[in-house]
Amino acid sequence: MSPSFQPSGVTTRNEIGLPIAIVGGGLGGLALAVGLLKHGIKIRIYEAATAFSEIGAGVAFGSNATRALGLIDEALLEGYKKHATFNENRDRDDTFMSLRWGTDERREGGKKAGDFVAELKDKWDPEGAKKIGVRTRSCIHRARLLDVLVSLIPEGITSFGKSFEGVEEQPDGSLKLRFADSSTALASAMIGCDGIKSKAREVVCGPGVEASYAGEFAYRAMVPRLVAEESLGAELARNGQIYCGYGAYVVTYPVEHGEFTNMVAIPHEPGETWAWDEEDWTVPASGDDFPRHFEGWYPPLVDVIQQHCLPFKWALFDLKHSAPYYSGRVCLLGDSAHATTPHMGAGAGMAMEDAYILSNLIASVKETAWIENAFRAYDAVRRPRTQKLVENSRNAGLLIDLIMPGIGDDTDAIVERLDSWYHWLWHEDLEVQLEHAKGLL
Ligand SMILES: Cc1cc2nc3c(=O)[nH]c(=O)nc-3n(C[C@H](O)[C@H](O)[C@H](O)COP(=O)(O)OP(=O)(O)OC[C@H]3O[C@@H](n4cnc5c(N)ncnc54)[C@H](O)[C@@H]3O)c2cc1C
Ligand SMILES: *[C@@H]1O[C@H](CO)[C@@H](O)[C@H](O)[C@H]1NC(C)=O
């Protein structure tokens, strides 16, 4: 356990030349690295694993989060576009997801499992996405995005096998990072991009700020195109869908240019408080675990997931808190600061937005002596937005699970709420946000 980081107020003198340390080389850390390198800022990346790697399937971006990629570095957006997958039907260009019933509506003469509810779409600026060469719904395989990021980072600035443990400020104002292998490294400042189980967070926020279990877990299946089409038909298989049920939902969307349909089924535990008792957040699931939660659901959907379901369940955690995202010269970015549930498909997008804002703020303070000002301005614009996402995302889960108090299965009210949250999420002007933050320096 490292004590909470105490800024001494000492400004730089002889730390000149020390790099900024980026702790964690996931999607957020690498995007930040690309942004800082673009400005010619000296950095060093410390990654716990022995190589860069990404597991899992698709990561989706709303169109302004995609724009953030291009604002960080044009080459990053170009690389993204090469591998991005969209809804296949052209009349679904503006649609993020189609909302459907996953079960029968609990009402005489109500809708049936599989029935269409509404398009969750960009009603406001559908051309915006096309202008940068994507669509309202775009997603990429995490490993492909990682490859694009890695290709933009020179060799020799990353140290692998470095699991961060703590940091001390030296008398001259520089930072000394400690790793699990007992090695140390000096830096002028540090940005913790070490994910939801962040060690850097303890340094910045103290020991109390920890991820909490959202009362939900995910089953996952990656279904080959032909199988998905045979079960569900091409339209459902190759365009993003959210199937709502009472206390659960299923999301399906094409990845890898339509070669696979990624399917994620997320039941919500009943009650209002939940505890996750296992040490691991991903635990084995037995064969009848998944179908037990989805009894009575749309049969073609449940059957195809059942056939391809991985034998695990992933507990969902998020990080709602009010502590600043920096302390002294240590700052947090991405999931380490604001991990969210995946219900709005925006966690990684927020890390890209963070990276754009923070890299530009650091570039504009020029001297690392003033980097704390950059961190303060970053915290001022990013904390409200990212914490709002954590909250909206939890609530979006309740809405599509048809269990939001006062709304239940009123689909008109559900769509109205979701629309307003997506508008808020997608239509943020990041350049204006940056100008605002610069005004705080
Ligand atoms: C089921 C699920 C679905 C999701 N779907 C979407 C989606 O559709 N759209 C979207 O935008 N987001 C989605 N997300 C969220 C997205 O995956 C994260 O927001 C994103 O990966 C965060 O990136 P990060 O760099 O902050 O953290 P991570 O990607 O977790 O990277 C952290 C890195 O730090 C390293 N590390 C950890 N500890 C240490 C240490 N002590 N020292 C050094 N290095 C360390 C790790 O090895 C890793 O490389 C989803 C998440 C989940 C769980
Ligand atoms: C991106 O944000 C800007 C500024 O709010 C907005 O005008 C534009 O419509 C957004 N673009 C898209 C495609 O969402």
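Values in this document were obtained by computation on a predicted structure and should not be read as measured data. (Residues numbered from 1 in each chain as written. Chains lettered and ligands numbered in written order. Predicted model: local features only at pLDDT ≥ 70, side-chain atom pairs only at ≥ 80, totals over all residues. Heavy atoms only, no water.)

Considerations on helix 5 (residues 142-151)
Think of an α-helix as turning once every 3.6 residues; residues three or four places apart then point the same way.
Phase 1: Here helix 5 has its buried residues at A143, L145, L146, V148 and L149.
Phase 2: Looking at the buried positions of helix 5, the neighbouring elements they touch are helix 1 (27-38), strand 3 (58-61), helix 3 (74-83) and strand 7 (138-141). (Buried < 20%, exposed > 50% of the residue type's maximum accessible area, 1.4 Å probe, protein only. Helix = DSSP H or I, 4+ residues; strand = E, 2+ residues; numbered from the N terminus. Contact = heavy atoms within 4.5 Å.)

Looking at the packing of aromatic side chains
Phase 1: Counting across every chain of the model gives 16 aromatic pairs.
Phase 2: Aromatic side chains W281 and F317 sit 3.7 Å apart centroid to centroid with 5° between the ring planes, which places their arrangement in the stacked category. With a gap of 36 residues between them, W281 in the loop between strand 16 (260-267) and strand 17 (282-284) and F317 in strand 18 (residues 312-318) connect regions that are remote in the sequence. Each member of the pair W281 and F317 is classed as buried.
Phase 3: What links up through ring pairs into an aromatic cluster is the set F217, Y219, F290, F294 and W297.
Phase 4: Looking at K197, its charged tip hangs above the ring of W281, at a distance of 4.4 Å from the centre. (Phe/Tyr/Trp six-rings, centres within 6.5 Å; stacked < 30°, edge-to-face > 60°. Lys NZ or Arg CZ within 6 Å of the ring centre and 35° of its normal.)

Describing the sheet that holds strand 17
Phase 1: With mixed pairing, the eight strands of this open sheet are ordered in space as 6-5-14-15-16-13-18-17. Of all the strands in the sheet, just strand 6 (116-121) and strand 17 have a single pairing partner and so form its edges. Shown here is a sheet whose adjacent strand axes are inclined to one another by a mean of 25°, direction ignored.
Phase 2: As paired strands, strand 14 (residues 241-245) and strand 15 (residues 248-255) are joined by five bridges and run antiparallel to one another. Within strand 15, the residue paired with G245 across the bridge is A248.
Phase 3: Here helix 7 (residues 225-232) sits on the sheet and contacts strand 13 (212-224), strand 14 and strand 16; the angle it forms with strand 13, its principal contact strand, is near 100°.
Phase 4: Along the sheet, helix 14 (residues 411-426) contacts strand 5 (95-101) and strand 6; its crossing angle with strand 6, the most-contacted strand, is approximately 15°. (Pairing = 2+ DSSP bridges. Axes fitted to C-alpha atoms, helices over the stretch in contact; angles between N-to-C directions.)

Some points on the pattern of salt bridges
Phase 1: A full pass over the atoms with the stated rule returns 29 salt bridges.
Phase 2: Among the salt bridges present, the one from R238 reaches E88, with a minimum N-O distance of 2.6 Å. Pair noted here: R238 is in the loop between helix 8 (234-237) and strand 14 and E88 is in the loop between strand 4 (85-86) and strand 5, with a separation of 150 residues, a long-range link.
Phase 3: For R238, a relative accessible area of 12% gives the class buried.
Phase 4: Where D354 meets R382, a salt bridge forms, and the shortest distance between an N and an O atom there is 2.7 Å. On the criterion of sequence distance, the pair formed by D354 in helix 12 (residues 347-365) and R382 in helix 13 (residues 371-400) is long-range, its members being 28 residues apart. (Salt bridge = Lys/Arg side-chain N within 4 Å of Asp/Glu carboxyl O.)

What about the sheet that holds strand 11 (residues 184-187)?
Phase 1: Pairing is antiparallel in the open sheet, where three strands are placed in the order 9-10-11. Looking at the sheet topology across the chains shown, the edges are occupied by strand 9 (164-169) and strand 11. Neighbour to neighbour, the strand axes of the sheet diverge by 25° on average, direction disregarded.

Some words on the site of ligand 2
Phase 1: Looking at ligand 2, the residues that line it are S63, N64, D122, D125, G128, A129, W426, H427, E428 and D429.
Phase 2: Look at ligand 2: alone it shows 360 Å² of surface, and the protein chains cover 76% of it.
Phase 3: Of all the secondary structure elements, the ones that give two or more residues to the shell around ligand 2 are helix 2 (63-72) and helix 4 (126-131).
Phase 4: Class assignment for the residues of the shell around ligand 2 results in two nonpolar, four polar and four charged. (Near = heavy atom within 4 Å. Areas by Shrake-Rupley, 256 points an atom, 1.4 Å probe, with all protein chains shown as cover. Nonpolar A, V, L, I, M, F, W, Y, C, P; charged D, E, K, R; others polar.)

Looking at the side chain of H321
Phase 1: Locating H321 in the fold gives a position in the loop between strand 18 and strand 19 (326-327).
Phase 2: A relative accessible area of 13% places H321 in the buried class.
Phase 3: A polar contact of 2.9 Å, which involves the side chain of H321, links it to the backbone oxygen of A337.
Phase 4: Excluding its chain neighbours within four sequence positions, the residues that come into contact with H321 are C205, V209, A337 and Q387. (Polar contact = N/O pair within 3.5 Å; in protein donor to acceptor, adjacent residues only side chain to side chain.)

Here's the deal with the pairing of strand 18
Phase 1: The element strand 18 is largely enclosed, with a buried count of six among its seven residues.
Phase 2: In the sheet, strand 13 pairs with strand 18 via four bridges, with the strands oriented antiparallel. Note that in strand 18 the partner of S212 across the bridge is D318.
Phase 3: With three bridges connecting them, strand 17 and strand 18 associate as antiparallel partners. Bridging from a neighbouring strand, P284 pairs with F312 of strand 18.

Considerations on the UniProt feature "domain: FAD-binding" (unreviewed entry) in the chain
Phase 1: Within this numbering scheme, the UniProt entry marks residues 19-204 and 323-393 as carrying the feature "domain: FAD-binding" (unreviewed entry).
Phase 2: Span residues 19-204 is 28% helix and 29% strand, its end C-alpha atoms 19 Å apart. (UniProt positions renumbered as here; feature names shortened; annotations may be inferred.)

Structural notes on the side chain of D401
Phase 1: Locating D401 in the fold gives a position in the loop between helix 13 and helix 14.
Phase 2: Despite being buried, D401 has no salt bridge partner; R394 is the closest side chain of opposite charge, sitting 10 Å away.
Phase 3: Here A248 takes part through its backbone nitrogen, which lies 3.4 Å from a polar atom of the side chain of D401.
Phase 4: Contact partners of D401, with chain neighbours within four places excluded, come to E216, G245, Y246, G247, A248, Y249, I266 and H268. (Lys, Arg positive; Asp, Glu negative; His and termini not counted.)

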